[in-house]
Amino acid sequence: MTSTHKRSAAAWRGEDLGTRTVAYDERDAILYALAVGARATELDLVFEDRLRVLPTFALTLAQWAPDELGSRGAFDTKTALHGSQNLTVRAPLPRRGEIALSASVGEVWDKGSAAVFEVRVESDFFVATWSLFAPGAGGFGGERGPSKPARPEGEPTVEAVVNTADNQAALYRLTGDRHHIHLDPAAAARIGQPRPIMHGLCTLAASTLELARQLGVHPADLVEVEGRFAAPVFPGDSPVLRAWGDAAAASFELVHGGHPVIAGARAAFG
Ligand SMILES: C/C=C/C(=O)SCCNC(=O)CCNC(=O)[C@H](O)C(C)(C)COP(=O)(O)OP(=O)(O)OC[C@H]1O[C@@H](n2cnc3c(N)ncnc32)[C@H](O)[C@@H]1OP(=O)(O)O
(Lines give C-alpha, C1' and ligand atoms only; values in the text may rest on other atoms or scores of the structure.)
Protein backbone atom coordinates (compact mmCIF):
# COMPACT_ATOMS: atom_id res chain seq x y z
CA MET A 1 0.00 0.00 0.00
CA THR A 2 1.33 3.44 -0.84
CA SER A 3 0.62 6.45 1.29
CA THR A 4 0.55 9.99 -0.03
CA HIS A 5 1.14 12.96 2.16
CA LYS A 6 -0.15 16.27 0.89
CA ARG A 7 1.79 19.26 2.20
CA SER A 8 -0.49 21.68 4.08
CA ALA A 9 -0.90 25.07 2.42
CA ALA A 10 0.54 26.69 5.58
CA ALA A 11 3.82 24.86 5.10
CA TRP A 12 4.56 26.89 1.96
CA ARG A 13 4.86 30.12 3.95
CA GLY A 14 8.34 31.59 3.46
CA GLU A 15 9.26 29.09 0.71
CA ASP A 16 12.20 30.32 -1.34
CA LEU A 17 11.16 30.23 -5.02
CA GLY A 18 14.62 31.01 -6.29
CA THR A 19 16.18 33.67 -8.44
CA ARG A 20 16.16 34.19 -12.20
CA THR A 21 17.65 36.61 -14.65
CA VAL A 22 15.20 37.57 -17.37
CA ALA A 23 16.11 39.28 -20.63
CA TYR A 24 13.94 41.41 -22.89
CA ASP A 25 14.23 44.04 -25.57
CA GLU A 26 12.18 46.85 -27.12
CA ARG A 27 10.08 44.45 -29.16
CA ASP A 28 8.88 42.65 -26.01
CA ALA A 29 8.02 45.93 -24.29
CA ILE A 30 6.13 47.20 -27.35
CA LEU A 31 4.20 43.94 -27.78
CA TYR A 32 3.24 44.19 -24.11
CA ALA A 33 2.08 47.81 -24.49
CA LEU A 34 -0.08 46.90 -27.51
CA ALA A 35 -1.52 43.88 -25.69
CA VAL A 36 -2.71 46.03 -22.78
CA GLY A 37 -4.33 48.57 -25.10
CA ALA A 38 -1.70 51.14 -26.11
CA ARG A 39 -2.76 53.09 -29.18
CA ALA A 40 -0.65 53.43 -32.33
CA THR A 41 -0.59 57.17 -31.64
CA GLU A 42 0.97 56.71 -28.18
CA LEU A 43 4.45 56.73 -29.66
CA ASP A 44 6.28 56.66 -26.32
CA LEU A 45 4.76 53.21 -25.78
CA VAL A 46 4.93 51.67 -29.26
CA PHE A 47 7.89 53.26 -31.11
CA GLU A 48 11.40 52.03 -30.29
CA ASP A 49 12.91 55.43 -31.16
CA ARG A 50 11.32 57.02 -28.10
CA LEU A 51 10.17 54.12 -26.00
CA ARG A 52 9.27 54.35 -22.32
CA VAL A 53 8.54 50.93 -20.84
CA LEU A 54 5.26 50.53 -18.98
CA PRO A 55 6.06 49.71 -15.34
CA THR A 56 3.42 46.94 -15.32
CA PHE A 57 5.58 45.11 -17.89
CA ALA A 58 7.63 44.11 -14.85
CA LEU A 59 4.82 41.76 -13.88
CA THR A 60 5.12 39.71 -17.07
CA LEU A 61 8.88 39.44 -16.46
CA ALA A 62 8.13 37.95 -13.04
CA GLN A 63 5.25 35.64 -14.04
CA TRP A 64 7.58 32.67 -13.59
CA ALA A 65 7.37 33.14 -9.81
CA PRO A 66 3.69 32.32 -9.19
CA ASP A 67 4.00 29.63 -11.88
CA GLU A 68 6.95 28.14 -9.99
CA LEU A 69 4.86 27.86 -6.83
CA GLY A 70 2.10 26.10 -8.78
CA SER A 71 4.52 23.72 -10.44
CA ARG A 72 5.99 22.80 -7.03
CA GLY A 73 2.50 21.54 -6.14
CA ALA A 74 1.24 24.19 -3.71
CA PHE A 75 -2.16 24.31 -5.43
CA ASP A 76 -4.10 22.95 -8.37
CA THR A 77 -2.89 25.03 -11.31
CA LYS A 78 -6.02 24.11 -13.29
CA THR A 79 -8.37 25.81 -10.83
CA ALA A 80 -6.31 28.51 -9.08
CA LEU A 81 -7.07 32.12 -10.01
CA HIS A 82 -5.08 35.27 -9.75
CA GLY A 83 -6.79 37.02 -6.83
CA SER A 84 -4.98 40.32 -6.48
CA GLN A 85 -1.79 42.15 -7.37
CA ASN A 86 0.45 44.82 -5.98
CA LEU A 87 3.39 46.55 -7.68
CA THR A 88 5.78 49.15 -6.25
CA VAL A 89 8.27 50.69 -8.67
CA ARG A 90 11.83 51.30 -7.46
CA ALA A 91 13.35 52.49 -10.74
CA PRO A 92 12.20 52.82 -14.38
CA LEU A 93 12.66 49.69 -16.47
CA PRO A 94 15.32 50.07 -19.16
CA ARG A 95 14.23 49.66 -22.80
CA ARG A 96 16.16 46.43 -22.99
CA GLY A 97 18.38 44.43 -20.71
CA GLU A 98 18.68 41.66 -18.19
CA ILE A 99 17.03 41.88 -14.79
CA ALA A 100 17.70 39.70 -11.77
CA LEU A 101 14.60 38.70 -9.80
CA SER A 102 14.19 36.78 -6.56
CA ALA A 103 10.94 35.27 -5.34
CA SER A 104 9.49 33.78 -2.19
CA VAL A 105 6.14 32.88 -0.67
CA GLY A 106 4.76 35.44 1.79
CA GLU A 107 1.62 34.81 3.80
CA VAL A 108 -0.73 31.92 3.16
CA TRP A 109 -4.28 32.81 4.19
CA ASP A 110 -6.97 30.29 5.06
CA LYS A 111 -10.32 31.22 3.52
CA GLY A 112 -11.97 27.98 4.57
CA SER A 113 -12.78 26.41 1.23
CA ALA A 114 -9.81 28.14 -0.41
CA ALA A 115 -6.29 29.26 0.43
CA VAL A 116 -4.73 32.54 -0.69
CA PHE A 117 -0.98 32.30 -1.41
CA GLU A 118 1.09 35.47 -1.58
CA VAL A 119 4.11 35.38 -3.87
CA ARG A 120 6.60 38.22 -3.50
CA VAL A 121 9.09 39.12 -6.22
CA GLU A 122 11.88 41.59 -5.70
CA SER A 123 14.42 43.26 -7.99
CA ASP A 124 16.36 46.52 -8.25
CA PHE A 125 13.48 47.86 -10.34
CA PHE A 126 10.36 46.82 -8.45
CA VAL A 127 8.72 44.84 -5.67
CA ALA A 128 5.52 42.97 -6.48
CA THR A 129 3.14 40.63 -4.69
CA TRP A 130 0.74 38.19 -6.35
CA SER A 131 -2.20 36.75 -4.40
CA LEU A 132 -3.32 33.42 -5.78
CA PHE A 133 -6.79 32.19 -4.87
CA ALA A 134 -6.64 28.40 -4.66
CA PRO A 135 -10.00 26.63 -4.24
CA GLY A 136 -9.77 23.44 -2.21
CA ALA A 137 -6.50 24.35 -0.49
CA GLY A 138 -8.00 26.00 2.61
CA GLY A 139 -9.24 24.59 5.89
CA PHE A 140 -5.79 24.15 7.46
CA GLY A 141 -6.60 26.15 10.59
CA GLY A 142 -4.78 29.33 9.53
CA GLU A 143 -5.74 32.99 9.74
CA ARG A 144 -8.24 34.39 7.20
CA GLY A 145 -6.13 37.45 6.30
CA PRO A 146 -7.45 40.63 4.67
CA SER A 147 -11.16 40.81 3.93
CA LYS A 148 -12.92 42.30 0.93
CA PRO A 149 -12.21 46.02 0.43
CA ALA A 150 -15.10 48.46 0.91
CA ARG A 151 -16.31 50.18 -2.25
CA PRO A 152 -15.33 53.87 -2.46
CA GLU A 153 -18.07 56.37 -1.67
CA GLY A 154 -19.06 59.57 -3.45
CA GLU A 155 -19.04 60.56 -7.10
CA PRO A 156 -15.91 59.48 -8.99
CA THR A 157 -13.70 62.17 -10.49
CA VAL A 158 -13.04 59.90 -13.48
CA GLU A 159 -15.47 57.68 -15.35
CA ALA A 160 -14.29 56.09 -18.60
CA VAL A 161 -14.90 52.93 -20.60
CA VAL A 162 -11.98 50.50 -20.86
CA ASN A 163 -12.58 48.69 -24.14
CA THR A 164 -11.11 45.22 -24.41
CA ALA A 165 -10.74 43.46 -27.76
CA ASP A 166 -12.13 40.04 -28.68
CA ASN A 167 -8.57 38.84 -29.31
CA GLN A 168 -6.94 40.65 -26.38
CA ALA A 169 -6.24 37.62 -24.18
CA ALA A 170 -4.94 35.73 -27.24
CA LEU A 171 -2.53 38.60 -27.85
CA TYR A 172 -1.59 39.21 -24.20
CA ARG A 173 -0.61 35.57 -23.63
CA LEU A 174 2.25 36.06 -26.09
CA THR A 175 3.83 38.40 -23.53
CA GLY A 176 4.38 35.47 -21.18
CA ASP A 177 1.32 34.06 -19.37
CA ARG A 178 0.13 31.07 -21.39
CA HIS A 179 -2.33 29.58 -18.91
CA HIS A 180 -4.95 27.78 -20.96
CA ILE A 181 -7.99 29.40 -19.31
CA HIS A 182 -7.28 32.53 -21.35
CA LEU A 183 -7.54 30.80 -24.73
CA ASP A 184 -8.95 27.29 -24.58
CA PRO A 185 -12.75 27.04 -24.03
CA ALA A 186 -12.35 23.56 -22.50
CA ALA A 187 -9.90 24.88 -19.88
CA ALA A 188 -12.23 27.80 -19.13
CA ALA A 189 -15.14 25.38 -18.72
CA ARG A 190 -13.12 23.40 -16.14
CA ILE A 191 -13.09 26.48 -13.88
CA GLY A 192 -16.80 27.06 -14.49
CA GLN A 193 -16.49 29.85 -17.04
CA PRO A 194 -18.56 30.00 -20.24
CA ARG A 195 -15.53 31.04 -22.32
CA PRO A 196 -11.86 32.03 -21.91
CA ILE A 197 -11.25 34.92 -19.51
CA MET A 198 -8.92 37.89 -19.57
CA HIS A 199 -5.65 37.78 -17.66
CA GLY A 200 -6.09 39.80 -14.48
CA LEU A 201 -2.79 41.56 -15.13
CA CYS A 202 -3.91 42.57 -18.62
CA THR A 203 -7.14 44.09 -17.28
CA LEU A 204 -5.25 45.84 -14.46
CA ALA A 205 -2.66 47.29 -16.85
CA ALA A 206 -5.38 48.38 -19.31
CA SER A 207 -7.17 50.13 -16.43
CA THR A 208 -3.98 51.84 -15.29
CA LEU A 209 -3.27 52.99 -18.86
CA GLU A 210 -6.76 54.51 -19.16
CA LEU A 211 -6.42 56.07 -15.71
CA ALA A 212 -3.20 57.80 -16.78
CA ARG A 213 -4.91 59.12 -19.92
CA GLN A 214 -7.82 60.44 -17.90
CA LEU A 215 -5.56 62.08 -15.30
CA GLY A 216 -3.31 63.58 -17.99
CA VAL A 217 -0.12 61.89 -16.77
CA HIS A 218 2.35 59.59 -18.54
CA PRO A 219 1.53 55.92 -17.90
CA ALA A 220 5.26 55.15 -17.56
CA ASP A 221 5.33 57.45 -14.50
CA LEU A 222 3.32 54.89 -12.53
CA VAL A 223 5.03 54.27 -9.18
CA GLU A 224 2.47 52.07 -7.43
CA VAL A 225 -0.61 50.05 -8.32
CA GLU A 226 -2.72 47.41 -6.65
CA GLY A 227 -6.12 45.83 -7.07
CA ARG A 228 -8.22 42.75 -6.38
CA PHE A 229 -9.66 40.68 -9.22
CA ALA A 230 -13.22 40.42 -7.96
CA ALA A 231 -14.85 38.75 -10.97
CA PRO A 232 -13.72 37.53 -14.37
CA VAL A 233 -13.55 39.87 -17.36
CA PHE A 234 -14.14 38.43 -20.83
CA PRO A 235 -12.32 39.57 -23.99
CA GLY A 236 -14.60 42.05 -25.75
CA ASP A 237 -16.12 43.34 -22.50
CA SER A 238 -16.19 47.11 -22.01
CA PRO A 239 -16.05 47.68 -18.26
CA VAL A 240 -16.13 51.16 -16.77
CA LEU A 241 -13.22 52.67 -14.87
CA ARG A 242 -14.30 54.78 -11.88
CA ALA A 243 -11.59 56.70 -10.02
CA TRP A 244 -11.32 59.10 -7.12
CA GLY A 245 -8.47 61.39 -6.09
CA ASP A 246 -5.58 62.58 -8.23
CA ALA A 247 -2.44 61.26 -9.90
CA ALA A 248 -0.46 61.32 -6.65
CA ALA A 249 -3.01 59.04 -4.94
CA ALA A 250 -5.94 57.68 -6.93
CA SER A 251 -8.30 54.96 -5.81
CA PHE A 252 -10.26 53.19 -8.50
CA GLU A 253 -12.44 50.26 -9.43
CA LEU A 254 -13.42 48.65 -12.70
CA VAL A 255 -17.11 47.87 -12.98
CA HIS A 256 -18.99 45.61 -15.39
CA GLY A 257 -22.73 44.96 -15.28
CA GLY A 258 -22.98 46.99 -12.06
CA HIS A 259 -20.42 44.87 -10.18
CA PRO A 260 -16.71 45.48 -9.59
CA VAL A 261 -14.40 43.25 -11.60
CA ILE A 262 -11.37 45.02 -10.14
CA ALA A 263 -12.07 46.16 -6.59
CA GLY A 264 -10.27 48.20 -3.95
CA ALA A 265 -7.67 49.39 -6.43
CA ARG A 266 -5.29 52.29 -6.11
CA ALA A 267 -2.54 53.81 -8.21
CA ALA A 268 0.02 56.58 -7.85
CA PHE A 269 2.03 58.37 -10.55
CA GLY A 270 5.29 60.13 -9.70
C1 LIG B 1 -3.44 31.57 -13.28
C2 LIG B 1 -4.53 32.55 -13.50
C3 LIG B 1 -4.27 33.81 -13.90
C4 LIG B 1 -5.35 34.80 -14.07
O5 LIG B 1 -5.09 35.87 -14.54
S6 LIG B 1 -6.95 34.41 -13.64
C7 LIG B 1 -7.88 35.84 -14.18
C8 LIG B 1 -7.91 36.95 -13.19
N9 LIG B 1 -8.61 36.58 -12.01
C10 LIG B 1 -9.95 36.46 -11.99
O11 LIG B 1 -10.63 36.63 -12.98
C12 LIG B 1 -10.57 36.14 -10.66
C13 LIG B 1 -11.85 36.89 -10.49
N14 LIG B 1 -12.35 36.67 -9.14
C15 LIG B 1 -13.23 35.69 -8.84
O16 LIG B 1 -13.67 34.96 -9.71
C17 LIG B 1 -13.64 35.58 -7.42
O18 LIG B 1 -13.40 36.77 -6.74
C19 LIG B 1 -12.91 34.43 -6.68
C20 LIG B 1 -13.22 33.09 -7.34
C21 LIG B 1 -11.39 34.69 -6.66
C22 LIG B 1 -13.42 34.40 -5.23
O23 LIG B 1 -14.81 34.36 -5.25
P24 LIG B 1 -15.60 33.40 -4.24
O25 LIG B 1 -15.15 32.01 -4.35
O26 LIG B 1 -17.05 33.71 -4.44
O27 LIG B 1 -15.11 33.88 -2.84
P28 LIG B 1 -15.79 34.96 -1.88
O29 LIG B 1 -16.95 34.33 -1.19
O30 LIG B 1 -16.00 36.22 -2.66
O31 LIG B 1 -14.63 35.22 -0.80
C32 LIG B 1 -14.17 34.18 0.04
C33 LIG B 1 -12.99 34.71 0.83
O34 LIG B 1 -11.89 34.90 -0.06
C35 LIG B 1 -11.52 36.26 -0.10
N36 LIG B 1 -11.29 36.63 -1.48
C37 LIG B 1 -12.23 36.68 -2.43
N38 LIG B 1 -11.70 37.06 -3.57
C39 LIG B 1 -10.40 37.26 -3.34
C40 LIG B 1 -9.35 37.68 -4.14
N41 LIG B 1 -9.59 38.00 -5.43
N42 LIG B 1 -8.12 37.78 -3.60
C43 LIG B 1 -7.92 37.50 -2.30
N44 LIG B 1 -8.91 37.09 -1.47
C45 LIG B 1 -10.12 36.98 -2.00
C46 LIG B 1 -12.70 37.04 0.45
O47 LIG B 1 -12.27 38.25 1.06
C48 LIG B 1 -13.26 36.08 1.44
O49 LIG B 1 -12.51 36.14 2.62
P50 LIG B 1 -13.08 36.79 3.97
O51 LIG B 1 -14.30 36.01 4.31
O52 LIG B 1 -11.98 36.69 4.94
O53 LIG B 1 -13.41 38.22 3.63
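In this text the structure is predicted, and so the values were computed from the model without any measurement.

Comments concerning the overall build of the protein chain
Okay, so step 1: Broken down by element type, the protein chain carries seven helices and 10 strands.
Okay, so step 2: Its C-alpha radius of gyration of 18 Å places the protein chain within 12% of the 18 Å reference for a compact globule of 270 residues.
Okay, so step 3: Along the first, second and third principal axes, the C-alpha atoms of the protein chain reach 65 × 45 × 35 Å.
Okay, so step 4: Counting the 270 residues in the protein chain, one finds 48% classified as buried.
Okay, so step 5: Working note: accessible area of the protein chain is about 12,700 Å², and carbon and sulfur atoms make up 51% of it.
Okay, so step 6: In the protein chain, 26 positive and 32 negative side-chain charges are present, and the distance between their average locations comes to 4 Å.

A closer look at the UniProt feature "domain: Peroxisomal multifunctional enzyme type 2-like N-terminal" (unreviewed entry) in the protein chain
Okay, so step 1: When the UniProt feature table is mapped to this numbering, "domain: Peroxisomal multifunctional enzyme type 2-like N-terminal" (unreviewed entry) covers residues 23-123.
Okay, so step 2: As annotated, residues 23-123 comprises 27% helix and 34% strand, and the C-alpha atoms at either end are separated by 13 Å.

A few points about the confidence of the model for the protein chain
Okay, so step 1: Taken over all residues, the pLDDT of the protein chain has a mean of 96, while the share at 70 or more is 98%.
Okay, so step 2: Taken together, the chains of this predicted complex give a pTM of 0.96 and an interface ipTM of 0.94.

Here's the deal with the pattern of salt bridges
Okay, so step 1: Taken as a whole, this structure holds 18 salt bridges when the rule is applied.
Okay, so step 2: Between Arg90 and Glu122 there is a salt bridge whose closest N-O contact spans 2.9 Å. Taken together, the residues Arg90 in the loop between strand 2 (81-89) and strand 3 (97-110) and Glu122 in strand 4 (residues 114-122) connect sequence positions 32 residues apart.
Okay, so step 3: Using a relative accessible area of 47% as the deciding quantity, one classes Arg90 as partly exposed.
Okay, so step 4: For the salt bridge of Glu226 with Arg266, the shortest nitrogen-to-oxygen distance reads 3.2 Å. A residue pair is termed long-range when its members are at least 10 positions apart, and Glu226 in strand 7 (residues 222-229) and Arg266 in strand 10 (residues 259-269) qualify at 40 residues.
Okay, so step 5: Look at Arg266 and you get partly exposed, because its relative accessible area is 34%.

Quick look at the sheet that holds strand 1 (residues 16-24)
Okay, so step 1: Taken together, the 10 strands give an open sheet; going across it, the order is 1-3-4-5-2-7-10-9-8-6, and neighbouring strands pair in antiparallel fashion. Strands with a single pairing partner mark the edges of an open sheet, and in this sheet they are strand 1 and strand 6 (158-161). Pairs of neighbouring strands in the sheet enclose a mean axial angle of 20 degrees, with direction left out of account.

Remarks on the site of the ligand
Okay, so step 1: The environment of the ligand is formed by 20 residues, the closest being Gly83, Arg144, Ser147, Lys148 and Phe229.
Okay, so step 2: Take Gly83: an N or O atom from its main chain is 2.8 Å from a nitrogen atom of the ligand.
Okay, so step 3: Within the side chain of Arg228, a nitrogen or oxygen atom sits 3.0 Å from an oxygen atom of the ligand.
Okay, so step 4: Contact with the protein chains covers 76% of the free accessible surface of the ligand, which is 1,000 Å².
Okay, so step 5: Listing elements by their share of the shell around the ligand, those giving two or more residues are strand 2 and strand 7.
Okay, so step 6: Broken down by element, the residue count for the shell around the ligand peaks at three residues, all from strand 2.
Okay, so step 7: A per-class count over the shell around the ligand returns nine nonpolar, seven polar and four charged.
Okay, so step 8: Two domains share the shell around the ligand, each providing at least three of its residues, namely domain 1 (9-135) and domain 2 (158-269).

The rules behind these values
Residues numbered from 1 in each chain as written. Predicted model: local features only at pLDDT ≥ 70, side-chain atom pairs only at ≥ 80, totals over all residues. Heavy atoms only, no water. Helix = DSSP H or I, 4+ residues; strand = E, 2+ residues; numbered from the N terminus. Rg over C-alpha atoms; globule rule 2.2 N^0.38 Å. Buried < 20%, exposed > 50% of the residue type's maximum accessible area, 1.4 Å probe, protein only. Areas by Shrake-Rupley, 256 points an atom, 1.4 Å probe, with all protein chains shown as cover. Lys, Arg positive; Asp, Glu negative; His and termini not counted. Charge placed at Lys NZ, Arg CZ, Asp CG, Glu CD. UniProt positions renumbered as here; feature names shortened; annotations may be inferred. pLDDT = per-residue confidence, 0-100. Salt bridge = Lys/Arg side-chain N within 4 Å of Asp/Glu carboxyl O. Pairing = 2+ DSSP bridges. Axes fitted to C-alpha atoms, helices over the stretch in contact; angles between N-to-C directions. Near = heavy atom within 4 Å. Polar contact = N/O pair within 3.5 Å; in protein donor to acceptor, adjacent residues only side chain to side chain. Nonpolar A, V, L, I, M, F, W, Y, C, P; charged D, E, K, R; others polar. Domains from an automatic or database assignment.

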